[in-house]
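Each chain is listed here by its residues.
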Amino acid sequence: MESEQRKFNFPDVIRTPSRFRHTLGKYRIVINKSCNNCGLCVKLCPYGVYTKGVKRPRVVCEHLCTGLSCSKNSYYCVAKCPERAISLTINPSFEILGDKRWTADLLASTWHMAETGEAPYQDLNYKTGDSNGGFDKIRFVFPKKGTTRGSHKDSDIRQKDVTVADEEISTEIELNRSGDTRPKITIPVPFYLGGMSFGSVSIITMLSRVRAAVAMGTFCCTGEGGYPDELTEYDDHIITQVATGLFGVREETIKRVRIVEFKYAQGAKPGLGGHLLGDKVTPRVAHMREAVEGSALFSPFPFHSVYSVEDHKKHVDWIKQTNPNALVSVKVSTPTDVDMVTVGSYYAGAHIVQLDGSYGGTGAAPDIAKKNIAMPIEYALPKVHKFLIAEGIRDRITIIASGGIRTAYDMAKAIAMGADGVCLGTADLVALECIRCHHCESGRGCARGIATTDDELTGLMELEWGTQRIVNMYTAWRLQLIDILKRLGIKSVKELVGRFDVIAHLDYIKAGEIEGELD
Amino acid sequence: MPPKYNIHTSPSPNRFKTITRSGVIAWEEGCLKCARCVKKDCVYKVYENRNLDARQMLDTLDSECQDCFRCVQNCPNRLIQKGLNPAYKALGDHYWTPEIISNLWFQAETGRIPVSGGGYGGPFSGPGFDAMWTDMSEIVRPTRDGIHGREYISTNVDLGRKLMFLEFGTDGSIISDVPPVIEIPIPVIFNLLPWSPPNEKINLSLIECAQSLGTFATIRQSDLKPMLERFLQHIILHIDERLENLKPEFLKKLRIIEIPDNTDIIAIIDRIKAYNPHLIVIIRMPLNSIAYKRVTELTEQGAEIIHLCANEYGLEDSRKPLFIKEMMKTIHLHLVEKGLRDLVTLVASGGIAMAEHMAKLIICGADALAIDIPLLIAMECRVCRRCKEGIACPVEIDSVDPAWGAARIGNLMAGWHNQLLEIMGAMGMREVTRLRGEMGRAMFFEELEREIFADMGKRG
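Computed from a prediction, not measured in an experiment: that's the story for all the values here. (Residues numbered from 1 in each chain as written. Chains lettered and ligands numbered in written order. Predicted model: local features only at pLDDT ≥ 70, side-chain atom pairs only at ≥ 80, totals over all residues.)

Asker: Go over the overall build of chain B, please, and point to the residues and values.
Answerer: Each helix and strand in chain B was counted, giving 14 helices and 16 strands. Relative to the compact-globule value of 23 Å for 460 residues, chain B shows a C-alpha radius of gyration of 25 Å, a close match. Along the first, second and third principal axes, the C-alpha atoms of chain B reach 95 × 70 × 50 Å. Relative to its 460 residues, chain B shows a buried fraction of 46%. Taking the intrachain contacts of chain B between residues at least 6 apart in sequence as the baseline, contacts between residues at least 24 apart amount to 69%. (Helix = DSSP H or I, 4+ residues; strand = E, 2+ residues; numbered from the N terminus. Rg over C-alpha atoms; globule rule 2.2 N^0.38 Å. Buried ≥ 20, exposed ≤ 12 C-beta atoms within 10 Å, placed from the backbone. Contact = placed C-beta atoms within 7 Å.)

Asker: Quick rundown of the overall build of chain A? Include the residues and the values.
Answerer: Of regular secondary structure, chain A possesses 16 helices and 20 strands. Against the 2.2 N^0.38 benchmark of 24 Å for 519 residues, chain A shows a C-alpha radius of gyration of 24 Å, consistent with a compact globule. Buried residues in chain A amount to 57% of all 519 residues. In chain A, of all internal contacts separated by at least 6 residues, the share reaching a separation of at least 24 is 68%.

Asker: So, the pairing of strand β13 (residues 305-309) of chain B: which residues are in play, and what are the values?
Answerer: Residues and elements named next belong to chain B. With five of five residues buried, β13 is to be regarded as a mostly interior element. Both faces of β13 are covered, namely the face carrying Ile305, His307 and Cys309 and the face carrying Ile306 and Leu308. The sheet contact formed by strand β12 (residues 280-286) and β13 spans five bridges and is parallel. In the strand pairing of β13, Ile283 is matched with Ile306. Between the parallel elements β12 and β13, the chain passes through helix α8 (residues 291-300) in a crossover that is right-handed. Pairing of β13 with strand β14 (residues 345-349) involves five bridges; the strand directions are parallel. (Pairing = 2+ DSSP bridges. Right-handed = clockwise from strand over helix to strand, strands pointing away.)

Asker: Can you lay out the domain arrangement of chain A for me, pointing to particular residues and giving the numbers?
Answerer: Assigned domains within chain A: domain 1 (27-90) and domain 2 (190-437). Each of domain 1 of chain A and domain 2 of chain A was reduced to a C-alpha centroid, and the two centroids are 47 Å apart. (Domains from an automatic or database assignment.)

Asker: Describe in detail the sheet that holds strand β19 (residues 503-505) of chain A, supporting the description with residues and values.
Answerer: Residue and element names in this part refer to chain A. A sheet is described by the order of its strands in space; here three strands give the open sequence β19-β5-β20, paired in antiparallel fashion. Whereas interior strands pair on both sides, the edge strands pair on one side only; in this sheet they are β19 and β20 (517-518). For strand β5 (residues 138-142) and β20, the ladder comprises two bridges, and the chain directions are antiparallel. Opposite Val141, over in β20, you have Leu518 as the bridge partner.

Asker: Just give me the short version of the interface of chain A and chain B, but keep the residues and values in it.
Answerer: Facing the 85 residues of chain A at the interface are 60 residues of chain B. For the side of chain A that touches chain B, the secondary structure elements donating two or more residues are α9 (309-322), α10 (338-347), β16 (365-366), α11 (367-372), α12 (377-391) and β19 of chain A. No other element matches α11(A), which puts six residues into the side of chain A that touches chain B. Among the residues making up the side of chain A that touches chain B, the classes are represented as 45 nonpolar, 23 polar and 17 charged. As defined by bridge partners, β16(A) adjoins strand β4 (residues 115-116) of chain B across two bridges and the pair is classed as antiparallel. From the neighbouring strand, A:Pro366 faces β4(B), where its bridge partner is B:Val115. (Nonpolar A, V, L, I, M, F, W, Y, C, P; charged D, E, K, R; others polar.)

Asker: Describe the domain arrangement of chain B, listing the residues and the values that go with them.
Answerer: Domain parsing of chain B yields domain 1 (22-84) and domain 2 (157-448). Between the C-alpha centres of domain 1 of chain B and domain 2 of chain B the distance comes to 49 Å.

Asker: Which residues make up unusual backbone geometry, and what are the values?
Answerer: Backbone geometry places A:Arg436, a non-glycine residue, at a positive phi of 60°. Note on placement: A:Arg436 falls in the loop between α14 (426-431) and α15 (455-458). Even without a glycine there, the phi angle at B:Arg385 is positive, about 60°. Within the secondary structure, B:Arg385 sits in the loop between α11 (373-378) and α12 (402-427). Under the C-beta neighbour-count criterion, B:Arg385 is labelled partly exposed, with 16 such atoms within 10 Å.

Asker: Hey, could you go over the pairing of strand β15 (residues 368-371) of chain B for me, with residue numbers and the actual values?
Answerer: Residue and element names in this part refer to chain B. Both faces of β15 are covered, namely the face carrying Ala368 and Ala370 and the face carrying Leu369 and Ile371. Pairing geometry for strand β8 (residues 188-190) and β15, over three bridges, is parallel. When the bridges of β15 are listed, Val188 appears paired with Leu369. In terms of strand pairing, β14 meets β15 through three bridges, oriented parallel. Of the residues in β15, the one forming a bridge with Val347 is Ala368. Tracing the backbone out of β14, into helix α10 (residues 355-363) and back to the parallel element β15 gives a crossover that is right-handed.

Asker: Explain helix α16 (residues 463-488) of chain A residue by residue, including any values.
Answerer: End to end, α16(A) covers 38 Å across 26 residues, agreeing with the expected 38 Å (1.5 Å per residue, within 8%). Counting buried residues in α16(A) gives 20 out of 26 residues, a clear majority hidden from the surface. (Expected span 1.5 Å × (residues − 1).)

Asker: Describe the environment of A:Met417, with residues and values.
Answerer: Residues and elements named next belong to chain A. Tracing the backbone through its elements, the reader meets Met417 in the loop between α13 (408-416) and β18 (421-424). Placed 81 residues apart in sequence, Met417 and Gly498 show a C-alpha to C-alpha distance of 4.8 Å. Those residues within four positions of Met417 in sequence are excluded, and the remaining contacts are Glu378, Leu381, Pro382 and Ile503.

Asker: For the confidence of the model for chain B, give the residues involved together with the corresponding values.
Answerer: Across chain B, pLDDT averages 92, with 95% of residues at or above 70. Predicted complex, confidence summary: ipTM 0.92, pTM 0.94. (pLDDT = per-residue confidence, 0-100.)

Asker: Describe α10(B), with residues and values.
Answerer: Most of α10(B) is tucked away: nine of the nine residues are buried. Phi turns positive, to about 120°, at B:Gly365, one or two residues after α10(B).

Asker: An account of the confidence of the model for chain A is requested, with residue identities and associated values reported.
Answerer: All names here are of chain A. Confidence along chain A averages 91 in pLDDT terms, with 95% of residues attaining 70 or more. Overall, residues 1-5 carries pLDDT values under 50, and its contacts beyond four positions in sequence, including any with other chains, amount to seven contacts. Every residue in residues 147-160 is under pLDDT 50, and counting partners more than four places away or in other chains gives nine contacts.

Asker: Describe the packing of α10(A) against α12(A), and please don't skip the residues or the numbers.
Answerer: Residue and element names in this part refer to chain A. α12 packs onto α10 with a crossing angle of 50° between their chain directions and a minimal axis gap of 9 Å. The pairing of α10 with α12 is recorded here as oblique in orientation. Relative to α12, α10 is oriented so that their crossing is right-handed. Residue-level contacts link Val338, Asp339, Thr342 and Val343 of α10 to Ala380, Lys383, Val384, Phe387, Leu388 and Glu391 of α12. Split into classes, the residues belonging to the contact of α10 with α12 amount to six nonpolar, one polar and three charged. (Axes fitted to C-alpha atoms, helices over the stretch in contact; angles between N-to-C directions. Parallel < 35°, antiparallel > 145°, perpendicular 65-115°, else oblique. Left-handed = near helix turned anticlockwise from the far one by under 90°.)

Asker: Could you give an account of the environment of B:Asp372, with specific residues and numbers?
Answerer: Residue and element names in this part refer to chain B. Within the secondary structure, Asp372 sits in the loop between β15 and α11. On the neighbour-count criterion, Asp372 (23 C-beta atoms within 10 Å) is buried. Along the sequence, Asp372 and Leu166 sit 206 residues apart, while their C-alpha atoms lie 36 Å from each other. Residues within four places of Asp372 in sequence aside, it is in contact with Asn191, Leu192, Leu193, Pro194 and Ser349.

Asker: How would you explain the environment of A:Ile415 if you had to name every residue and give the values?
Answerer: Residue and element names in this part refer to chain A. With respect to the helices and strands, the residue Ile415 is situated in helix α13. Overall, the presence of 29 C-beta atoms within 10 Å leaves Ile415 in the buried class. Expressed as a C-alpha distance, the spacing of Ile415 and Cys440, which sit 25 residues apart in the sequence, is 30 Å. Not counting residues up to four positions away in its chain, the partners in contact with Ile415 are Pro190, Gly421, Val493, Leu496 and Val497.

Asker: Describe the packing of helix α6 (residues 203-215) of chain A against α16(A), with residues and values.
Answerer: Residues and elements named next belong to chain A. Interhelical geometry of α6 versus α16 gives an angle of 45° and a closest axis separation of 8 Å. Here α16 runs oblique to α6, going by the angle between their axes. Here α6 and α16 pass one another in a crossing that is right-handed. Contacts between α6 and α16 involve Ile204, Thr205, Leu207, Ser208, Arg209, Arg211, Ala212 and Ala215 from the former and Leu463, Gly466, Thr467, Ile470, Val471 and Tyr474 from the latter. Grouping the constituent residues of the contact of α6 with α16 by class yields eight nonpolar, four polar and two charged.

Structure follows, in structure tokens:
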């Protein structure tokens, strides 16, 4: 399998700047009237912040500026400007951006990755948010570099310092570990893209995500809103969803995909069905869902045909019968007995169980549900992982974590906490320049043309642009994951699963117990 | 099954301009006078709706701006910025945060529950109520669809003393002395307000709303103006003067009164009961470290309802105060241990700021809640507490039209009721009385943190 992975050609990064005139950055640069247009700043700046202008240079890429930390450099424009005409300050608008989970720093770093395919070099925290708990308080414990080199016995530590080529690190995972006769599906990255229905997002957003999934060799889920014809050519990379409203579920679409997903619950609104407000139900959305234009759609909750594991097995059998080659994934939320639910799903014949934690994204949900119902993924994962090990079936099922995974570091932490891989959604939207204004649900939908079905707003984004932005971001993620694995001395992401010894929680670290560098 | 309880809502606009989180700041200097200004492209028509010349410098704190940042990003000379509204930041305090206040305003104005897109953007957890999550059901347990209407969820609770069993005579008639019980359709009564401007119209708003909801508003004996007398059936009269001063006919008409705890309380109750056996008495007492003992004692002596009061921040009265949810757990579990829990009704108050707090306190052992500050916030209160100092209310709550006030509070309660249904529906719970003390259907931060994170990072 590993040789196969090496053969997978990951897509190229193509620089893809913002669709808007200016990218929002942490700093604000203003050139005042005393500028004599000598052009020194244009020449000095290695990041391309300025271009030549008629009266004075133009600040075109503020977001690429490294800010106040640049003052130590020989090319620091503010100090070098002969007329002292440049002022550099924190961008006041940056203060309004983001929230505790997706901080302004995380948004700006994600935009940077989507533009360049690389982790940001600016002074931006691209690893953790500001939620003060969970992933944001968990750190990797990396072996200290060089400290033990050449000294005593520690051959394993020395080994970790040996430089390994990126190509030798495997990031692939296996989706069918059940040992049944259905196909093995290996994806070269430990993630796939979660369900966002047509209706909740625009067709351009949907296609951008699907095409990015194809480019990365992985999958993208349709969500509960039908299977638009535009997706047909990507059938092999699509997971189609059967959710409680059964909107757009057809036998022929189930037959043509390789993975079918049951959505029992969604982390952002556990215990509640999907919710599409009337404004977003355009004629096309209505047609796809066999519903009435302009009328709000509520999926029921739960599947009223499933009140036990036995009922659940009937469901799984129904899909298995309809498509004899498909893998079945079961998406569940995180109640107190999430471990029992997972075991039940396994015995009912699921190949994949997706645990969707309570802080995941959604097109529309009551705030009370998002905040209070069900537990965060950081608790659910270790619970489930340990329970499955005790049950002796951990290696027969693929656990996918979702609901609040924002960064490559979150992804790696989730895997170390017991997931085989992760499922992503919000990060894609941020790559498409979502600003987390939380107004996806209202009126014409997203003002930035991402989560909308309005024609004019949909037109704000082009397909090529969207695809490449997502590809760039995941390329950067993959490189960061490889870096994490290398620093841990691990050669395959599969070996990272359940490695509680390589992570620590800041509240529980006692001096002397941790050896290594926390990051 | 009783008929489905539904709270009527009617949009009731703010009287004052709402304070919103952010505003748009635009400069004129450096304007290129583009043929088509980016302000014209505003999806929400923020600029148009204010009839402003797009070319004017402006500093707007519109509630219409939805923070899409398109104008900020598209103005060629970067002349438009967003800024935090200092007045928003200054709302309330560390507990009654600007987010909570504006969330309550929204509900009071619209009667709708706050719905948004994107995931939760707040902290992972927090102190007090934010250190717990409620359960949900899937696959192995059914949920109930309470909101979109197909399944019945009861939020009714009984106020009063309950018997553990009934005794029947040989002819089948009940020979037990059955104490009076009042059923209210939501587990909420209105508490005394910790502070307010002159309260005549405020009290009228509260009582009118309590009446339409089918619950009660607590009013001080000293505030019982003649105009309130026709509402006695929906007033919990809080005795803050000599009981003897109260007109005897009122004691006949009232259904519930509240008396602060004192050493003679049981004797006083006996006297009242001798006069009107149908009158239910609430014993009001502060939440403190000995409260659990006192509650047990009073329950053994026949107390019907005990109202436990934490302060505005949900804290007990002590030097190192514990939070109300911890205190209620202790009291509830102590009564359970003594086999007394079901005899008495426990009402809790203090720090209940959001719908979720209601559900969470019930899980921790309260039968019903008494709410206070949110009632003022429903009427646009900014939690500035200036009224406490005798300074005029910036939003003139003292002069509200009681019909408007009652509608606003009704809207807020409709939102809370629907949110309670969401939480219970997700758990598959069909009666709020079953939610009481169901700590196994909640997840507590402290326990989970220890269980999951304490052992991480240990080698070998």
